[in-house]
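# Chain and residue survey
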Amino acid sequence: MRSLIKKLINTYFLPPLWRLAVWWPLLADIYFVFSGTFRREHRAVLHGKLQHTSATKEADDQGSIYTLRRNVHRLEKGLVYRPRRDVFARDYIGDTVAIYQVLLQDPNERIAPLLKWAHDVLKEYFSVVASDPAIDPPREKFAALPPCSACTSAAEEWIPYQRDSTPLNITIEDLEKLAWRRRSVRWYQDKPVPREVIDRAMEVAKLSPSACNRQPFEFRVLDDVELARKVGAIPMGTTGFSQNFPCLVVIVGDLNAYFSERDRHVIYVDGGLAAMAFQFALEVQGVGSCCINWPDIEPLEKKMAKALNLDYNHRPVMCISLGYPDPTGTVPYSQKKSLDEIRSYNKVSK
Ligand SMILES: Cc1cc2nc3c(=O)[nH]c(=O)nc-3n(C[C@H](O)[C@H](O)[C@H](O)COP(=O)(O)O)c2cc1C
């Protein structure tokens with residue numbers, strides 16, 4: 001009976017509804033309720049927001065870690081502004097020092113570099129910011145804290161700096177050559193890619209920009225061939241070639257990084273930027289790769305969540321297969337749009 005009702009809704013109710021919904025927002029809301037298409041993503045966003053906003057400030061609480069990252073980033077932006085204001089960050093400096101204090105107790109070395117960065121930026125901030133009733137109490141609190149473990153060992157301070165501006169030895173022609181060489185490679189040699197090669201590419205990927213420097217994703221690398229092929233067969237777009245994957249990476253976004261649903265797309269933007277850098281870094285090491293779409297389809301979501309043991313706030317952004325290209329395999333031509341099709345300068349009307 002339930003499946004009959006579902007079938008009737010899908011066949012007779014939803015198709016005209018989504019067409020009309022384009023014109024009437026209320027119908028779009030009704031479509032949302034009955035179609036269920038957006039349900040998982042919507043719930044995942046709310047799940048992440050709940051986790052983030054109920055961050056316990058316990059050591060190793062991911063929500064707190066993301067908040068510290070964002071706030072230290074905001075402090076650095078305040079430090080580099082020209083002209084710099086005498087007083088800034090009044091509304092979040094107290095929280096930032098409180099979170100820093102709690103995370104200092106985290107014995108996990110994994111966050112030691114974050115704490116070093118937070119320490120150095122906070123120290124710099126308090127050395128330049130003027131006295132203010134909202135700033136002076138956290139200033140005193142910070143001054144009384146012990147230094148973090150990485151703070152004492154590293155001599156260099158991780159604070160705003162003037163970047164190296166000596167010309168790079170990489171030309172636009174080099175970059176064009178790389179962009180032309182990288183094509184989606186779907187056929188690989190039966191040969192493992194050393195972890196050092198993959199790690200090196202990830203070192204490049206993790207330098208990519210991310211909103212408020214949150215870096216809200218992980219690269220789940222499956223270089224166990226059986227596992228790579230099993231998980232690689234879950235997305236729909238791999239039919240016919242997942243059986244030759246030597247390695248698969250699933251980029252998993254973490255919606256726990258955000259206090260508001262307004263940032264719900266950022267995992268995809270940040271994950272996508274990192275993916276591109278990763279692919280270029282693989283390519284220059286002779287490793288081919290192919291992005292694989294992650295469709296928002298409930299049964300597949302469940303399968304992937306089970307395979308990788310993902311929480312509800314974790315969402316696959318995309319998968320990337322990689323391996324040494326099979327020299328006998330071909331790649332699609334994949335004609336690219338002309339510059340005229342994608343580029344406009346100062347265009348302000350349709
Ligand atoms: C987000 C995304 C999803 C993709 N999904 C698939 C996929 O599921 N299966 C596949 O064979 N290729 C997939 N591709 C690869 C595209 O088909 C490919 O990038 C496009 O045709 C252009 O070819 P090129 O990468 O060789 O330039 C995907 C690419 C992107 C960026």
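As a convention, each chain's residues are numbered from 1 in the sequence order in which they are written. For a predicted model such as this one, the threshold for reporting local features is a pLDDT of at least 70, and the threshold for listing and counting side-chain atom pairs is 80 or more; totals across whole chains, interfaces and linings nevertheless cover every residue. Hydrogen atoms and water are omitted, and side-chain values are computed over all heavy atoms in the structure.

Stated formally: UniProt positions are given in the numbering used here, feature names are shortened, and annotations may be inferred rather than shown by experiment.
The protein chain is annotated in an unreviewed UniProt entry as Malonic semialdehyde reductase from Aeoliella mucimassa. The UniProt entry for the protein chain carries the following comment under Sequence similarities (unreviewed entry): "Belongs to the nitroreductase family."

### Regarding the domain arrangement of the protein chain
Applicable threshold: An automatic or database domain assignment supplies the start and end points of every domain.
Split into domains, the protein chain comes out as domain 1 (1-35), domain 2 (53-144) and domain 3 (172-323). Distance between the C-alpha centres of domain 1 and domain 2: 47 Å.

### Here's the deal with the site of the ligand
Heads up, the condition is: One heavy atom suffices: a residue is near a molecule or strand as soon as one of its heavy atoms comes within 4 Å of it. Pairs of N or O atoms within 3.5 Å make up the polar contacts considered here, provided that, within protein, one atom can donate a hydrogen while the other can accept it, and that residues adjacent in sequence are counted only when both atoms are side-chain atoms. Per-residue and other accessible areas follow the Shrake-Rupley method at a 1.4 Å probe size, with only the shown protein chains counted as cover for residues. When residues are grouped by polarity, Ala, Val, Leu, Ile, Met, Phe, Trp, Tyr, Cys and Pro land in nonpolar, Asp, Glu, Lys and Arg in charged, and all others, Gly among them, in polar.
Surrounding the ligand, one finds R182, R183, S184, R186, G237, F241, C290, C291, I292, N293, S334 and K336. Between the ligand and the protein, one listed contact pairs an oxygen atom with a side-chain N or O atom of R186 at 2.7 Å. About the coverage of the ligand: the protein hides 67% of its 610 Å² of free accessible area. Grouping the amino acids of the shell around the ligand by side-chain chemistry returns four nonpolar, four polar and four charged.

### Thoughts on the packing of helix 5 (residues 93-103) against helix 7 (residues 136-144)
This is how it is decided: In this analysis, axes come from line fits to C-alpha atoms, helices being fitted only over the stretch in contact, and the angle between any two N-to-C directions falls in the range 0 to 180 degrees. Counting from the N terminus, the helices are DSSP H or I runs at least four residues long and the strands are E runs at least two residues long. To sort the angles, those under 35 degrees are grouped as roughly parallel, those over 145 as roughly antiparallel, those from 65 to 115 as roughly perpendicular, and the leftovers as oblique. Take the far helix as your reference; a near helix turned counterclockwise from it by less than a right angle gives a left-handed crossing, and one turned clockwise gives a right-handed crossing. Here a residue-residue contact requires only that any non-hydrogen atoms of the pair lie within 4.5 Å.
At a minimum axis separation of 9 Å, helix 5 and helix 7 run at an interaxial angle of 20°. By the angle between their axes, helix 5 is roughly parallel relative to helix 7. Here the hand of the crossing between helix 5 and helix 7 comes out left-handed. Listed contacts from helix 7 to I93, G94, V97, A98, Y100 and Q101 of helix 5 are P138, K141 and F142.

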